[in-house]
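Residue strings, one per chain:
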Amino acid sequence: MKNPIPAHTRHLLLQRSGGLCEAIRSGVGGSPLPSRCRSRKWLSPHHKKFRGRGGDNSLKNLVMLCGDCHYAVHRHFGKWTEKYNIHFWEKEGEKEGVV
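Fair warning: this is a prediction, and the values are worked out from it, not measured in the lab.

**Digging into the side chain of S17**
Working step 1: If you trace the backbone, S17 turns up in helix α1 (residues 7-17).
Working step 2: Those residues in contact with S17 that lie beyond four places of it in its chain are E22, R36 and M64.

What follows is the structure in structure tokens.
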């Protein structure tokens, strides 16, 4: 992989996420209301601004996503259906990122 995410950055990302998916989406637990996913399954970093579009490996540009949410982001990128309306959870005071 070209320009991998440094181990220290991955550690900080995992720490920030609390070991949970940081996606906010509709349909979590069958609820129609948007809520934080919180899954621990198959967590991996996702670039908010893709590296191919000038994004970097900074903590501000990364979000931890579970396998299901990561798949949905890439598979449905730009399609605003209620089922796949995904936002990223961020700490209070930070601007919410939107896919």
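**Describing the pairing of strand β4 (residues 62-65)**
Working step 1: Residues L62 and M64 point to one face of β4 and V63 and L65 to the other, with burial holding for every one of them.
Working step 2: When strand β3 (residues 44-47) meets β4, the two strands line up antiparallel, connected through four bridges. Each residue of the ladder has a partner; that of P45, found in β4, is M64.

**Details of unusual backbone geometry**
Working step 1: Positive phi is not limited to glycine here, since R38 has a value of about 70°.
Working step 2: Here R38 lies in the loop between β2 (35-36) and β3.
Working step 3: On the basis of relative accessibility, which here comes to 47%, the residue R38 falls in the partly exposed class.
Working step 4: Non-glycine residue W42 carries a positive phi angle of around 55°.
Working step 5: Note on placement: W42 falls in the loop between β2 and β3.

**A word on the nonpolar core**
Burial of nonpolar side chains together is a common tendency in soluble globular proteins.
Working step 1: Listed in full, the eight residues of the largest apolar core are C21, A23, C37, V63, L65, C66, C69 and V73.
Working step 2: Going through the elements one at a time, β4 and α2 (67-75) are the ones with two or more residues in this core.

**Focus on α1**
Every α-helix carries 3.6 residues per turn, so stepping three or four residues along brings you back to the same face.
Working step 1: For α1, the complete set of buried residues consists of T9, L13, R16 and S17. Buried residues along α1 cover an arc of 90° about the axis, so they all sit on one side. The outward face of α1, more than 90 degrees from its buried face, is lined by the exposed residues A7, H8 and Q15.
Working step 2: On the buried face of α1, the contacting elements are β2, β3 and β4.
Working step 3: Positive backbone phi, at 70°, marks G18, one or two positions downstream of α1.

Definitions and cut-offs
Residues numbered from 1 in each chain as written. Predicted model: local features only at pLDDT ≥ 70, side-chain atom pairs only at ≥ 80, totals over all residues. Heavy atoms only, no water. Helix = DSSP H or I, 4+ residues; strand = E, 2+ residues; numbered from the N terminus. Contact = heavy atoms within 4.5 Å. Buried < 20%, exposed > 50% of the residue type's maximum accessible area, 1.4 Å probe, protein only. Pairing = 2+ DSSP bridges. Core = buried A, V, L, I, M, F, W, Y, C linked by side-chain atoms within 4.5 Å. Arc of directions from axis to C-beta.

Any link to function would need more than the numbers given here.
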